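Report on the structure
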Amino acid sequence: MDSIYTIVLNDSDVLSRVCGTNDSNLKLIEEHLGTNVYSRGNELSIETADESLRQEFRFIINRITDELSEGGEGSAYMVSSILNTGLTASFDAEGCAISVPGAIRKVYPKTAGQAALVKALREHDMVFATGPAGSGKTFLAVAEALRLLLSHKVNGIVLTRPVVEAGESLGFLPGTLEDKLNPYLRPLYDSMNAVLARETVHRLTENGLIEIAPLAYMRGRTLNHCAVILDEAQNTTREQMKMFLTRMGEGSKLFITGDLSQVDLPRRVPSGLVHALSLLKQIPEIGMIELSGADVVRSALVRKIVQAYENEQNDE
């Protein structure tokens, strides 16, 4: 058996950025893997027959190239962050990836918490994912919904959000329903556009395979054979949350995401998400994943800001 395992990158420039200045990134990877990494042309190689080590090597390189494609600088700090998540040591790296047919790229969880969320999204028909801004909860839910749709596991995607600022009375706003909702659903579209080409997302929406709907319009419906995402769920009331959860029909998956630190409801109006998490926690068929500041990947500074707020809450 050939013990040389090689990864081919797009070009030598990408390889240079992966390796870092004076191969500084490569040295970090070698230290982490415990084996030499060889570079030539646009190829990186290691010499090992250990399949788990090969998977870990591929995962690390894929994660670095993903960061580079998203505008990352390829710094030693970024590489260290990838190596220090604990993800590669604890999980099947490729098994954690979300492969959306026709996607721009594979979606890899970037932390152990995110990997646990991917696992929950696959194993449960209803999943609650809570966590701070930038922790990846909405992005991963959207990616998994797209995978289900384009793999023909479901017949459509329904995106909804409570429109707290407008009291869900959108009639006074100009334009179509989609125009009125667009400012509130923009983060969901941004997530889809990060996975699929913009034209593909537009076509799926035009064909009705991706539907947007304000939460108030869900009353009376039964959602069969679709993936439904309720985003910003911390801004639902108890009544709205109960109404939404009971829309679930045959063959559907419900993903509920929210940030418990950003409740925008009026004073003395309890959050439906907080209530649901407490009420339903004993039901084993429901997945509940809580992400933290350690899962924030938006930027190193955002992670520090979130951590500071979390520390303040713990001290109170």
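Before any of the text, the structure's been laid out above.
The following refers to the structure shown. (Residues numbered from 1 in each chain as written. Predicted model: local features only at pLDDT ≥ 70, side-chain atom pairs only at ≥ 80, totals over all residues. Heavy atoms only, no water.)

Examining the overall build of the protein
For clarity, the cut-off: In this text, helices come from DSSP runs of H or I with a minimum length of four residues, and strands from runs of E with a minimum of two, each type numbered from the N-terminal end. For each residue, the accessible area found with a 1.4 Å probe, counting protein chains only, is set against the maximum for its type, and the residue is called buried under 20%, exposed over 50%, and partly exposed in between. Only heavy atoms matter for contacts: two residues are in contact if any of them lie within 4.5 Å across the pair. Residue burial considers only the protein chains on display, and all accessible areas are found by Shrake-Rupley using a 1.4 Å probe.
Regarding its fold elements, the protein presents 13 helices and 9 strands. The buried share among the 316 residues of the protein stands at 50%. Taking the intrachain contacts of the protein between residues at least 6 apart in sequence as the baseline, contacts between residues at least 24 apart amount to 72%. A total accessible area of about 15600 Å² is found for the protein, and carbon and sulfur atoms account for 48% of it.

Details of the side chain of Asp-231
The line we're drawing: Between N or O atoms, a polar contact is any pair within 3.5 Å; within protein, one atom must be a potential hydrogen donor and the other a potential acceptor, and residues adjacent in sequence are included only when both atoms are from side chains.
Tracing the backbone shows Asp-231 in the loop between strand E7 (226-230) and helix H11 (238-245). The buried category is assigned to Asp-231, whose relative accessible area is 3%. Here Thr-257 takes part through its side chain, which lies 2.6 Å from a polar atom of the side chain of Asp-231. Not counting residues up to four positions away in its chain, the partners in contact with Asp-231 are Thr-138, Thr-160, Arg-161, Pro-162, Leu-188 and Thr-257.

Focus: the pattern of salt bridges
Stated precisely, the cut-off is as follows: Put simply, a salt bridge is a Lys or Arg side-chain nitrogen that is within 4 Å of an Asp or Glu carboxyl oxygen.
Tallied over the entire structure, the rule returns 7 salt bridges. Among the salt bridges present, the one from Lys-119 reaches Glu-123, with a minimum N-O distance of 3.1 Å. A residue pair is termed a helical-turn pair when its members lie 3 or 4 positions apart in one helix, as Lys-119 and Glu-123 do in helix H7 (residues 112-123) at 4 residues. Among the residues examined, Lys-119 registers a relative accessible area of 45% and is labelled partly exposed. Glu-232 is the salt-bridge partner of Arg-161, the closest N and O atoms lying 2.9 Å from each other. Residue Arg-161 is found in strand E5 (residues 156-161), and its partner Glu-232 is found in the loop between E7 and H11; the two are separated by 71 residues along the sequence. Of the residues examined, Arg-161 reaches a relative accessible area of 11% and is grouped as buried. One salt-bridge network, held together by shared partners, links Arg-161, Asp-231 and Glu-232.

Here's the deal with unusual backbone geometry
A positive phi angle, near 65°, is found at His-152, a position not held by glycine. Along the chain, His-152 turns up in the loop between helix H8 (137-150) and E5. For Arg-268, which is not glycine, the phi dihedral falls at a positive 70°. Looking at where Arg-268 falls in the secondary structure, it is placed in the loop between strand E8 (253-258) and helix H12 (272-279).

Remember, this is a structural readout, not a statement about activity or role.
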